[in-house]
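A structural walkthrough
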Amino acid sequence: MREFEMVRIAMRAMVAVCLGLIFLQNVSIANARETLALAKQSKALFDIVHAGPISQVEQLALNDLASYLKQISGADFVVVSEKNKPAIFVGKSTDQILKKDFSHLQARDSSSIKTRLNQDGSRDIFLVGIDSTATAFAVYTFLEDLGCRWFMPGKIGQVIPKADILEWPLRQRTEQPDFDFRQIWWAYGGPAKTTELFQTWKLRNKVVYPTVNHGHNLTNSLSPESYLKTHPEYYALVNGVRQPSQICTSNPEVIQLVIEHINEYFDKNPNVLAYSLCPDDNMDFCECEQCLSLDVGGMDAYHSEKPVITDRYIHFLNVVARGIQEKNPGKKVSTYAY
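Residues numbered from 1 in each chain as written. Predicted model: local features only at pLDDT ≥ 70, side-chain atom pairs only at ≥ 80, totals over all residues. Heavy atoms only, no water.

Observations regarding the overall build of the chain
What the chain contains, in helices and strands, is eight helices and 15 strands. When burial is assessed residue by residue, the chain has 40% of its 338 residues classed as buried. Sequence separation of at least 24 residues holds for 68% of the intrachain contacts in the chain that already meet a minimum separation of 6. When the accessible area of the chain is evaluated, it comes to approximately 19,700 Å², of which 55% is carbon and sulfur surface. (Helix = DSSP H or I, 4+ residues; strand = E, 2+ residues; numbered from the N terminus. Buried < 20%, exposed > 50% of the residue type's maximum accessible area, 1.4 Å probe, protein only. Contact = heavy atoms within 4.5 Å. Areas by Shrake-Rupley, 256 points an atom, 1.4 Å probe, with all protein chains shown as cover.)

Printed below as a string of structure tokens:
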């Protein structure tokens, strides 16, 4: 028992030493981190300057920036059009006073947070995006650096710290989201008030996505009203009968007509990033010999009488995606992956 007690004491001592080392290391890191004071004793040390014309999204971000900085520090941060003291500049990379220093912002939703040293030794802070939405992202990233969080829509979900001395850790960087499409779905909407809160919450969390046509849409891409009677072979062969449950994705004429339809869609909707080629919501895919020849074997795990159609469908998507590039370079097609 005595030997056991000695071992236990030794282990406690080792843990204490390790924790002490960790603590000292964290203190060292914390002390080495450079910070920039934004407010002290409820007095703002910076103005907020909008760098150019303000969109509705930028106005919301500017209002949030001033509001949350005050909630944290108790200081009034004034939004002005010209700099009178050290400033937090908010704007787009296309704004006249920002063009030179932020021309590197080229990617969708990219933003930068940078500082610039003034002659008197003070610093200005720049929250800049490639467009209005990305500018808002820069603002909310900056507020995240200060400890702000928005876990749910509305005040109930926000966490705002308090500080007598408000300091920003000098985290200068340029960011670009890894995914263009970033969505959280509020199922089937809600009352107008909650919808507005939800949209604002998504912006604060940078959950904003480009315009994408996405949903069950395959057969709509080859209207049965236009083609079923004259060209039944364009549609799925199911139990020996052609029907518009899906389209025949291996038919060369079908592929060409779908490409033409998508090109026409983008002509009418140039701001849309992707067109939906999601299959319709059923299992009645084409059973013609040409479609089946593109399957690699295996049966569906939940419908043992149905073949796995992944390979044939990915083949179809790739052919169509390549086919629209000549007229609409960079445009995409979307599908479900389940």
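Quick notes on the nonpolar core
Membership of the largest hydrophobic core comes to 37 residues, with the highest contact counts inside it found for Leu-38, Leu-65, Leu-69, Leu-127, Phe-142 and Leu-143. Among the secondary structure elements, those contributing two or more residues to this core are β1 (35-40), α2 (56-73), β5 (87-92), β7 (123-129), α3 (132-145), β10 (165-169) and α4 (192-204). Setting aside its immediate chain neighbours within four residues, Phe-142 contacts Leu-38, Leu-65, Ile-88, Ile-113, Ile-125, Leu-127 and Trp-168. Grouped together as the second largest cluster of nonpolar side chains are 20 residues, Val-272, Tyr-313, Phe-316 and Leu-317 included. (Core = buried A, V, L, I, M, F, W, Y, C linked by side-chain atoms within 4.5 Å.)

A look at a nonpolar patch on the surface
A grouping of Phe-151, Met-152, Ile-156 and Val-159 is seen on the molecular surface, where their side chains present a nonpolar patch of about 440 Å² in accessible area. Tracing the backbone through its elements, the reader meets Met-152 in the loop between β8 (149-150) and β9 (158-159). (Patch = residues over 30% accessible without salt bridge, like charges linked within 9 Å, V, L, I, M, F, W, Y side chains within 5 Å. Salt bridge = Lys/Arg side-chain N within 4 Å of Asp/Glu carboxyl O.)

Examining the pairing of β1
Put simply, side chains in a regular strand alternate between the two faces of the sheet. As judged from the five bridges shared by β1 and β10, these two strands associate in the antiparallel manner. By the bridge assignment for β10, Thr-35 is matched with Pro-169. Examined bridge by bridge, β1 and strand β2 (residues 43-44) share two bridges and lie antiparallel to one another. In the strand pairing of β2, Lys-40 is matched with Lys-43. Taking the residues between adjacent antiparallel strands as the criterion, β1 and β2 are bridged by two residues, where Gln-41 takes a positive phi near 45 degrees. (Pairing = 2+ DSSP bridges.)

Thoughts on the pattern of salt bridges
Under the defined criterion, the tally for this structure stands at 16 salt bridges. For the salt bridge of Asp-47 with Lys-85, the shortest nitrogen-to-oxygen distance reads 3.9 Å. Taken together, the residues Asp-47 in strand β3 (residues 47-50) and Lys-85 in the loop between β4 (79-80) and β5 connect sequence positions 38 residues apart. By relative accessible area, which is 30% here, Lys-85 ends up partly exposed. Beyond isolated ion pairs, a larger network of salt bridges with shared partners links Asp-145, Arg-171, Arg-173 and Glu-175.

Comments concerning helix α8 (residues 310-323)
Taking 1.5 Å per residue, 14 residues should reach 20 Å; α8 reaches 20 Å between its end C-alpha atoms and fits that length. Those residues of α8 that fall on the buried side of the exposure criterion are Arg-312, Tyr-313, Phe-316, Leu-317 and Val-320. Considered in projection along α8, the buried side chains sweep an arc of 135 degrees and stay on one side of the axis. (Expected span 1.5 Å × (residues − 1). Arc of directions from axis to C-beta.)

Quick look at the packing of helix α6 (residues 252-268) against α8
Put simply, α6 and α8 touch, their axes get as near as 9 Å, and they point 50 degrees apart. In this view, α6 runs oblique relative to α8, as classed from their interaxial angle. Relative to α8, the crossing made by α6 is right-handed. Of the residues in α8, those in contact with Ile-255, Val-258, Ile-259 and Ile-262 of α6 are Phe-316, Val-319, Val-320 and Gly-323. Partitioning the contact of α6 with α8 into residue classes produces seven nonpolar, one polar and no charged. (Axes fitted to C-alpha atoms, helices over the stretch in contact; angles between N-to-C directions. Parallel < 35°, antiparallel > 145°, perpendicular 65-115°, else oblique. Left-handed = near helix turned anticlockwise from the far one by under 90°. Nonpolar A, V, L, I, M, F, W, Y, C, P; charged D, E, K, R; others polar.)

Some points on the confidence of the model for the chain
Low pLDDT means the predicted coordinates in that region are not meant to be read closely. For the chain, the average pLDDT comes to 87, and 88% of its residues sit at 70 or higher. For the stretch residues 1-32, pLDDT sits under 50, and the model shows zero contacts to residues farther than four places along the chain or on other chains. (pLDDT = per-residue confidence, 0-100.)

What about unusual backbone geometry?
Note: most residues except glycine have negative phi, and most peptide bonds are trans. Phi is positive for Gln-41, close to 45 degrees, though the residue is something other than glycine. As for its placement among the helices and strands, Gln-41 is situated in the loop between β1 and β2. We classify Gln-41 as exposed; its relative accessible area is 59%. You will see that Lys-206, though not glycine, has its phi angle at about 60 degrees, which is positive. Here Lys-206 lies in the loop between α4 and α5 (224-227). Judged by relative accessible area, Lys-206 falls into the buried class, the value being 18%.

Some remarks on the sheet that holds β5
What the six strands build is an open sheet, ordered β4-β3-β5-β7-β6-β11; its pairing is mixed. Two strands lie at the open edges of the sheet, namely β4 and β11 (173-175), each paired on one side alone. Here β5 pairs with β7 via five bridges, running parallel. Counterpart to Gly-91 in the pairing with β7 is Val-128. Together, β3, β4, β5 and β7 form the strand contacts of α2, whose direction differs from that of β5 by roughly 160 degrees. This element, α3, spans β5, β6 (111-117), β7 and β11 of the sheet and lies at about 130 degrees to β7.

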